[in-house]
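Okay, here's what each chain looks like letter by letter:
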Amino acid sequence: MNGGCVPTRAIDGYYLAILAHYRRIHPTAYNYEARAELARITGVVFSIHAIKSAQTDDMNLSYTRNSTAASQAFTPANQHRLHCFQTMPPPLGVVGVPTAHLWDIDEIGRNLSHFNRAYGHSIVGGRTVEKGNYTRSSSTTVMLAVRGDGEKFVMLFEGGVGYEECERFFEQLVTQLAAIPNLPPQVFMMDNLHAHHSPMIYNTVHNAGHTLVFRPPYMPWLAPIEYVFSQVTQLVAKQSFSVSSSQDVNGALRKAVREVSGIPATFVKLGY
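In this report, the structure presented in the accompanying data block is examined.

Let's shift gears to the sheet that holds strand β7 (residues 211–214). Within the open sheet, the five strands sit side by side as β5-β4-β3-β6-β7. Their pairing is mixed. Each edge of the open sheet is held by one strand with a lone partner, namely β5 (152–158) and β7. Geometrically, the sheet is characterised by an average inter-axis angle of 25 degrees between neighbouring strands, direction not taken into account. Relative to β7, strand β6 (residues 187–190) is paired through four bridges, and the arrangement is parallel. Note that in β7 the partner of Val187 across the bridge is Thr211. Where helix α5 (residues 163–178) meets the sheet, it contacts β3 (102–110), β4 (140–147), β5, β6 and β7, and its direction lies at approximately 150 degrees from that of β5.

Going residue by residue along β6, you find Val187 and Met189 tucked away on one face and Phe188 and Met190 tucked away on the opposite face as well. Where β3 meets β6, three bridges bridge the pair, whose relative direction is parallel. Across the sheet, residue Leu102 finds its bridge partner in β6, namely Val187. Once you follow β6 into helix α6 (residues 199–207) and on to β7, the crossover reads as right-handed.

Where helix α2 (residues 31–42) meets helix α3 (residues 48–58), the axes come as close as 9 Å, and the angle between the chain directions of the two elements is 100 degrees. Our classification of the angle between α2 and α3 gives roughly perpendicular. Along its contact with α2, which presents Asn31, Tyr32, Ala34, Arg35 and Leu38, the element α3 presents Ile48, Ile51, Lys52 and Gln55. Classifying every residue of the contact of α2 with α3 by side-chain character gives five nonpolar, two polar and two charged.

What counts and what doesn't
Residues numbered from 1 in each chain as written. Predicted model: local features only at pLDDT ≥ 70, side-chain atom pairs only at ≥ 80, totals over all residues. Heavy atoms only, no water. Pairing = 2+ DSSP bridges. Helix = DSSP H or I, 4+ residues; strand = E, 2+ residues; numbered from the N terminus. Axes fitted to C-alpha atoms, helices over the stretch in contact; angles between N-to-C directions. Contact = heavy atoms within 4.5 Å. Buried < 20%, exposed > 50% of the residue type's maximum accessible area, 1.4 Å probe, protein only. Right-handed = clockwise from strand over helix to strand, strands pointing away. Parallel < 35°, antiparallel > 145°, perpendicular 65-115°, else oblique. Nonpolar A, V, L, I, M, F, W, Y, C, P; charged D, E, K, R; others polar.

Shown next, in the form of structure tokens:
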């Protein structure tokens with residue numbers, strides 16, 4: 001290999017294969033780190049422009065925000081649970097479950113302070129100062145179930161949710177479903193919150209002929225509900241100037257949940 005810097009040379013062939021392999025192993029490395037590693041292996045020092053062009057034009061890579069996953073997600077036990085979740089039918093996984101029968105369930109909390117806008121425009125070096133809500137009162141918790149066909153079921157609770165609130169949520173959800181003629185058995189996905197493992201919830205769900213499935217721990221990207229809550233947060237932010245009391249918070253949350261859209265597409269995108 002020829003040493004020295006070759007600023008105008010395009011990266012191709014053997015060099016491109018080395019760069020692609022490096023990027024697969026180190027997707028968050030800086031371009032100068034990729035250049036240094038390529039030089040270490042091949043003896044050729046390419047320009048940063050050549051590195052960028054190869055990644056963009058030849059490797060079809062884009063520069064995106066990194067998502068950091070908890071290290072616990074990669075333990076052998078949790079990777080095994082992920083394998084079961086993706087390859088087995090209920091109750092260990094969701095294989096074979098039509099999205100029209102699959103629900104995802106979780107909670108999100110909001111209080112008055114969340115309705116203050118965090119950013120504004122000001123002169124350089126200045127700050128925006130605006131009257132806003134401040135409260136030490138408890139938040140409102142939205143407990144929401146979304147189904148792969150777009151169906152939603154929501155309950156609001158003052159403060160957080162524990163065993164009692166989760167049990168009440170499932171009692172009402174199952175009761176509402178029982179009123180639908182010829183409804184096939186449903187599958188309810190949840191994370192591993194202690195309150196979700198209540199024996200009363202197991203009894204309520206199983207006695208109605210439905211099934212519970214728990215997602216692998218520390219893997220929120222598997223949950224369609226997380227993307228729904230992201231949409232709820234954005235829709236709530238649009239109502240910030242109309243919220244000045246706890247009653248307004250509840251109304252804004254219910255309105256946001258009603259306006260959520262694209263749930264079936266979210267399930268499909270995530271592989272369900």
